[in-house]
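This is what each chain is made of:
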Amino acid sequence: MKRLLLLLVWILVAVGCHGEDVPTNVSHEAKETELEEKQKDEETGEEMEPIIETEEEIEETEVNGVQQRYTINKTNWLVEPIGDANEKIVLLTIDDAPEHYSVAMAETLSTLNAGAIFFVNGHFITTEEGQQKLKKIHDLGFEIGNHTMTHPNMSQLTESEQKKEIIQLNNLIEEIIGERPRFYRAPFGVNTETSNQVVKEEGMQAMNWTYGYDWEAEYQEAEALADIMVHSPFLTDGANLLMHDREWTKDALERIIIGLREKQYEIVNPKEIRIE
């Protein structure tokens, strides 16, 4: 009986050991396979991760299908490239739109395939005629900016008045063209703490300019204005050029664009400027 019991114990141990051998071997091989697959996944993930990040970055820097390749320097208002975007560029801006000549200026720009921001004064778009002009400029593909409702010196207004000057115009522009402005320019270049805060809350980019001349008496003639705009000592990479809705500026515009291009400057498309 004792021998029989010992025999049964030996058989159970042997079977048990053999039964463990197979699963143990399989488990070890499975673990090796799993580890190899995990390593492959990790390697693949490491290889794909930069691509995924790049695609996400591209999506994040596109607005309405337009790649955002530039930013505005908030210290000097120059347009700066992102990554390997062209550095030799200038930004054209036109203030006091759309009073008299903005539509004609937009048509000239469109013909020459040159972008620009038209900074709008609210008191010019309270009439049906003014609103139609604004729609025309927008329909031609141009960026519409905020230049306040009544063109005041913002430092002379209360906080509530400053907010109204900016937000009321944003609302009005949106009613007319279906879009809120992305850019703001203060009348006379006077930015305040209040206006800066409102601009930030509205998700806009404030900007002043690098140079402009068309309000000076000696440059209120097309040829003289075109010459100084192209040969200004302040012309530099990323220059932010200020012009106005004026007859002599309208007449000089084509020569300005051609002259800048002859100096190898690209006219930047404002839609490529990222708001930060």
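Details of the structure are given in the entry above.
Residues numbered from 1 in each chain as written. Predicted model: local features only at pLDDT ≥ 70, side-chain atom pairs only at ≥ 80, totals over all residues. Heavy atoms only, no water.

### Thoughts on the pattern of salt bridges
Right, on to step 1. Scanning all chains against the criterion turns up eleven salt bridges.
Right, on to step 2. A salt bridge links K271 to E143; the shortest N-O distance between them is 3.8 Å. Placement of the pair is K271 in the segment after β11 (266-267) and E143 in strand β7 (residues 143-146), with a sequence separation of 128 residues.
Right, on to step 3. Relative accessible area serves as the criterion here: at 8%, E143 is assigned to the buried category.
Right, on to step 4. A salt bridge links D251 to K250; the nearest nitrogen and oxygen atoms lie 2.6 Å apart.
Right, on to step 5. For D251, a relative accessible area of 38% corresponds to the partly exposed category.
Right, on to step 6. Salt bridges sharing partners connect three or more residues here, namely R69, E266 and E272. (Salt bridge = Lys/Arg side-chain N within 4 Å of Asp/Glu carboxyl O. Helix = DSSP H or I, 4+ residues; strand = E, 2+ residues; numbered from the N terminus. Buried < 20%, exposed > 50% of the residue type's maximum accessible area, 1.4 Å probe, protein only.)

### Some details on the side chain of T71
Right, on to step 1. On the secondary structure map, T71 appears in strand β3 (residues 70-72).
Right, on to step 2. Residue classification places T71 among the buried residues on the basis of a relative accessible area of 9%.
Right, on to step 3. Here T71 is in contact with L78, V79, E80, I82, I273, R274 and E276, once residues within four sequence places are set aside. (Contact = heavy atoms within 4.5 Å.)

### Observations concerning the nonpolar core
Right, on to step 1. Ranked by size, the top nonpolar core spans 44 residues in total, and within it L92, L109, F118, M229 and L260 carry the most contacts.
Right, on to step 2. For this core, the secondary structure elements donating two or more residues are β5 (89-97), α2 (102-111), β6 (117-120), α3 (128-139), α4 (159-177), α6 (222-231), β10 (239-244) and α7 (247-262).
Right, on to step 3. At six residues, α6 tops the list of elements feeding residues into this core.
Right, on to step 4. Residue contacts for L260: discarding those within four places in its chain leaves V90, L92, M229, V230, L235, L241, Y265 and I267.
Right, on to step 5. Listed in part, the 13 residues of the second largest apolar core include Y70, A85, L91 and M207. (Core = buried A, V, L, I, M, F, W, Y, C linked by side-chain atoms within 4.5 Å.)

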